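Per-entry structural report
As a plain string of letters, each chain reads:
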2 protein chains.
Amino acid sequence: VPKARSRPKSARKHHPATLRAKGSHVRLPSIVNTGEEYLVQKLRRAARTKARETALRVGIGDDAALFTPRSGYETVLTCDWFLQGTHFLTEKHPPESIGWKCLARAVSDVAAMGGQPQCFLLSLALPASYLENWLDAFLRGLRRAAHTFGCRLAGGDTTRRDNILINVTVVGEVRAGRAVLRAGARPKDAIFVSGQLGEAAFGLQLVRAHRQIPSHSRNVALQRHFYPEPRVALGRWLSEKRLATAMIDISDGLSTDLARLCEASRVGAKITGASIPMPRAFRLRKPNRLSQLKLALHGGDDYELLFTVPNRQTSRIPDSFRGLPLSRIGVISNEQRLRLVDFDGRERTLPAYGWDPFRG
Amino acid sequence: VPKARSRPKSARKHHPATLRAKGSHVRLPSIVNTGEEYLVQKLRRAARTKARETALRVGIGDDAALFTPRSGYETVLTCDWFLQGTHFLTEKHPPESIGWKCLARAVSDVAAMGGQPQCFLLSLALPASYLENWLDAFLRGLRRAAHTFGCRLAGGDTTRRDNILINVTVVGEVRAGRAVLRAGARPKDAIFVSGQLGEAAFGLQLVRAHRQIPSHSRNVALQRHFYPEPRVALGRWLSEKRLATAMIDISDGLSTDLARLCEASRVGAKITGASIPMPRAFRLRKPNRLSQLKLALHGGDDYELLFTVPNRQTSRIPDSFRGLPLSRIGVISNEQRLRLVDFDGRERTLPAYGWDPFRG
């Protein structure tokens, strides 16, 4: 239920819910005075931005949003669940992180096509008791993500529910014909990965192990788990320079996402454990190298880009792109299976052990 | 967990999950063999269509879908929740209806902008036990709706959940500058509504009152509740002929959706109870006219179009459009409130009593 909040008189005068009958001096309450309308007002405020103009012509508040596509570009469309209990826990994940991450995950899919995010729809189901503090903090995180990714809130749908359900649809654009699909990898292509793998999964282990996570923790693994950064600029660069033959973002773990890329391309892959980029902190900590490798191979939530490059083009791939390391981890084969060269130099079959919600 | 199903040998040979190593005669299992992959395979089959070519270039199975927008058109974007317990009950609503209706509801928002639906994303969360019979029936209903509305399944996201969660995003197009918004109504514009109101809400009363609904019932009110028909052709006609100044679809009830249109346009409205189109069956049944009127005013789920037309253009609105009755029910006023002329001829304030998930 909406609460009256004190605000300066001048601001109150211009509050959108304050309607003024023409030729009358009586202030009327909004004729649509529902809890849902209250939530929509908050979303409308969160959608205000000083960011660069996007092609969004009509945003929140109508039956649908209107977006003017640029000629010569294709539209990239993706959506993602982010559900309490499945993808986050309200007692462990700060609402700012939930707001950031629900958008970052979907933006990462646009990055994996080589596209630029433009706007997004937010479907939000909430308990009524979350309409105040929780929602405000959630929207702060969401708004910061929207600003960082240059992706405007265009609309959505809201309802009440006894637990928090989030679905985000991101609309992006990519120059026509330049999108990098999963299906283009060819035998002998080199396999590259951006950033470092396993850190977000280690952050999740910390979240699971601790009863209460301090919301201002500066632990790097926690930050990676809470505030992942989709690799939009790298994806665009690879697509515009036509360097990648296939690309996918690592959301469910390297082993599972590499298997998906290979299956779409009808090829296989051989990767080398020792070449998989793992964070420096791992080397300093005690857990043995093998369990570190497991995190890097099967841990999800990294949102790094996995891409393939024709052998004769690999010299054009720098060691790092705008500070983000790029590592060559293996090669595409024509034998349709995944192989891993382990630390002991022996070749083993690599099972797809990443995140599968239907397992177990 | 995927079940082996018998199929003719020739079909098995071409099954997409059957990979064949190049130069080998050994049939290998899919390298991505997860429960989620099984669900995605079913969705991929459901997405196959003989319908007219849409602008969908890449559909299910990549990180995102690719859609080629037509030049001179704007993109219409909308999404809708459809949640077990909130919007449907698995023990009362046939899965075919759930599949049809989750898409119909979102398509209706595109119709209310005067747009043509093109493709959609389906986010589906399911218990593992629903992956067989329930999912197959759901996809039959969804596929029939997709075919009927000319709207192709382009992608989505799937996960496991202890109850069924559905979110549908529809992407449509409308000629640039021709979209009909909520905000264009002007004082003295006539108010029109398509079809008949209250029948779907009466269907919901039947669903609530009966323990078990026969899935093949031909009851008209039940059919309206189970299989609503978004008014895409009417919406497009009104937009292309530039006849409507404002438009909204009636999803939450006439009183609430009229209030939304008026609020967006900063106007009010006066409607006449006797002119509100109600189904013939209502007149034959015993419930008094007043409770019928309540269903028509505040019952949701009709998905008819509510639109305003400048007074000098009203002669261009026919009594029916392709068999769908169009009724003039009132007039826009500059006093920002809703008034109803009741059956007794007395004017009363009309409260927005439609569906509000946050009420109570």
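To be clear, the structure that these remarks concern was listed above.
Throughout what follows, the structure given in this document is the object of discussion. (Residues numbered from 1 in each chain as written. Chains lettered and ligands numbered in written order. Predicted model: local features only at pLDDT ≥ 70, side-chain atom pairs only at ≥ 80, totals over all residues. Heavy atoms only, no water.)

Now for the pattern of salt bridges. For side chains of opposite charge, pairing can occur when their charged atoms come near one another. On inspection of all chains with the given rule, the structure shows 42 salt bridges over all chains. One salt-bridge network, held together by shared partners, links Glu199, Arg224, Glu229, Arg231 and Glu304 of chain A. (Salt bridge = Lys/Arg side-chain N within 4 Å of Asp/Glu carboxyl O.)

Time to look at the relation of the copies chain A and chain B. Comparison of the two chain copies shows a relationship of rotation about an axis with a shift along it. Once chain A has been moved 0.0 Å along the axis and rotated by 180 degrees, it coincides with chain B to within an RMSD of 0.0 Å. As the rotation angle and translation indicate, the two copies are arranged about a two-fold axis. Looking at the interface residues of chain A, 100% of them are also at the interface in chain B, so both copies use one shared face. (Least-squares fit on C-alpha atoms with pLDDT ≥ 70 in both. Contact = heavy atoms within 4.5 Å.)

Time to look at the environment of aspartate 252 of chain B. Residue and element names in this part refer to chain B. With respect to the helices and strands, the residue aspartate 252 is situated in the loop between β10 (246-250) and α8 (254-265). Classification of aspartate 252 by relative accessible area gives buried; the value is 12%. Distance from aspartate 252 to isoleucine 60, taken between C-alpha atoms, is 32 Å for residues 192 residues apart in sequence. At a separation of 2.9 Å, a polar atom in the side chain of aspartate 252 contacts the side chain of arginine 260. (Helix = DSSP H or I, 4+ residues; strand = E, 2+ residues; numbered from the N terminus. Buried < 20%, exposed > 50% of the residue type's maximum accessible area, 1.4 Å probe, protein only. Polar contact = N/O pair within 3.5 Å; in protein donor to acceptor, adjacent residues only side chain to side chain.)

Here we come to the sheet that holds strand β6 (residues 116-126) of chain B. One key point about sheets: their strands pair by backbone hydrogen bonds, in either a parallel or an antiparallel sense. An order of β3(A)-β4(A)-β5(B)-β8(B)-β6(B)-β7(B) is seen for the six strands of this open sheet, with the pairing classed as mixed. The open sheet terminates on both sides in strands that have one partner only, identified here as β3 (56-58) of chain A together with β7 (152-160) of chain B. Mean inter-strand twist for the sheet, computed between neighbouring axes without regard to direction, equals 25 degrees. Sheet topology note: the strand β5 (residues 73-83) of chain B/strand β8 (residues 165-175) of chain B ladder contains eleven bridges and is antiparallel. Within β8 of chain B, the position partnered with glutamate 74 of chain B by the bridge is valine 174 of chain B. Most of the contacts of helix α3 (residues 95-111) of chain B go to β5 of chain B, to which it runs at about 140 degrees, and overall it touches β5, β6 and β8 of chain B. (Pairing = 2+ DSSP bridges. Axes fitted to C-alpha atoms, helices over the stretch in contact; angles between N-to-C directions.)

For the rest of this paragraph, the subject is helix α7 (residues 232-240) of chain B. Residues and elements named next belong to chain B. Those residues of α7 that sit buried are Val232, Leu234, Gly235, Leu238 and Ser239. The arc that holds the buried residues of α7, viewed along the axis, is 165 degrees, so those residues lie on one side. Phi for arginine 242, located one or two positions after α7, is positive at around 55 degrees. (Arc of directions from axis to C-beta.)

Moving on, we get to α3 of chain B. With 17 residues, α3 of chain B should cover 24 Å at 1.5 Å per step; its first-to-last C-alpha distance of 24 Å lies within 8% of that length. Counting buried positions along α3 of chain B gives 16 out of 17 residues, so the element sits mostly inside the fold. (Expected span 1.5 Å × (residues − 1).)

All names here are of chain B. Not every positive phi belongs to a glycine, and arginine 242 is a case in point at roughly 55 degrees. Locating arginine 242 in the fold gives a position in the loop between α7 and β10. Phi angles above zero are rare outside glycine, and aspartate 301 is one such case at about 75 degrees. Relative to the helices and strands, aspartate 301 is located in the loop between α10 (289-298) and β12 (304-309).

Turning our attention to the interface of chain A and chain B. Often the size quoted for an interface is simply the accessible area lost on bringing the parts together. Chain A puts 84 residues into the contact, and the matching count from chain B is 86 residues. For the pair chain A and chain B, the summed buried surface comes to about 7,300 Å²; carbon and sulfur atoms form 56% of the total. Remark: the boundary between chain A and chain B carries four salt bridges. The interface formed by chain A and chain B contains 25 residue pairs in polar contact (both at pLDDT 80 or more). (Buried area = accessible area lost by both parts, 1.4 Å probe.)

Once that is clear, we can look at the packing of aromatic side chains. Scanning all chains against the criterion turns up 17 aromatic pairs over all chains. For the pair phenylalanine 82 of chain B and phenylalanine 88 of chain B, a centre-to-centre distance of 5.1 Å together with 40 degrees between the ring planes defines the contact as tilted. Phenylalanine 88 of chain B sits in the buried class, given a relative accessible area of 1%. Grouping aromatic residues by their ring pairs yields a cluster made of Trp100, Phe149, Phe226 and Tyr227 of chain A. Directly above the aromatic system of tyrosine 227 of chain A lies the positively charged group of arginine 144 of chain A, at a separation of 5.2 Å from the ring centroid. The ring of tyrosine 73 of chain B carries arginine 70 of chain B above its face, with NZ or CZ at 4.1 Å from the centroid. (Phe/Tyr/Trp six-rings, centres within 6.5 Å; stacked < 30°, edge-to-face > 60°. Lys NZ or Arg CZ within 6 Å of the ring centre and 35° of its normal.)

Read from one edge to the other, the open sheet built from six strands follows the order β7(A)-β6(A)-β8(A)-β5(A)-β4(B)-β3(B), with strand pairing classed as mixed. Since the sheet does not close on itself, it has two edges, and those belong to β7 (152-160) of chain A together with β3 (56-58) of chain B, each with one partner. Direction aside, the axes of adjacent strands within the sheet are offset by 25 degrees on average. Relative to strand β4 (residues 65-67) of chain B, strand β5 (residues 73-83) of chain A runs antiparallel, the two being bridged by three bridges. Bridge pairing links leucine 77 of chain A to alanine 65 of chain B in β4 of chain B. Sitting on the sheet, helix α4 (residues 133-149) of chain A touches β6 (116-126) and β8 (165-175) of chain A, and the angle it makes with β6 of chain A is about 170 degrees.

So, about the packing of helix α2 (residues 35-47) of chain A against α4 of chain A. A pair of packed helices can be characterised by two numbers: the angle between their axes and the separation between those axes. Residue and element names in this part refer to chain A. Relative to each other, α2 and α4 sit at 30 degrees, their axes nearing to 10 Å. Viewed along their axes, α2 and α4 adopt a mutual orientation that is roughly parallel. Seen along the crossing, α2 lies across α4 with a hand that is right-handed. Residue-level contacts link Leu39, Lys42, Leu43, Arg45 and Ala46 of α2 to Leu135, Asp136, Leu139 and Arg143 of α4. (Parallel < 35°, antiparallel > 145°, perpendicular 65-115°, else oblique. Left-handed = near helix turned anticlockwise from the far one by under 90°.)

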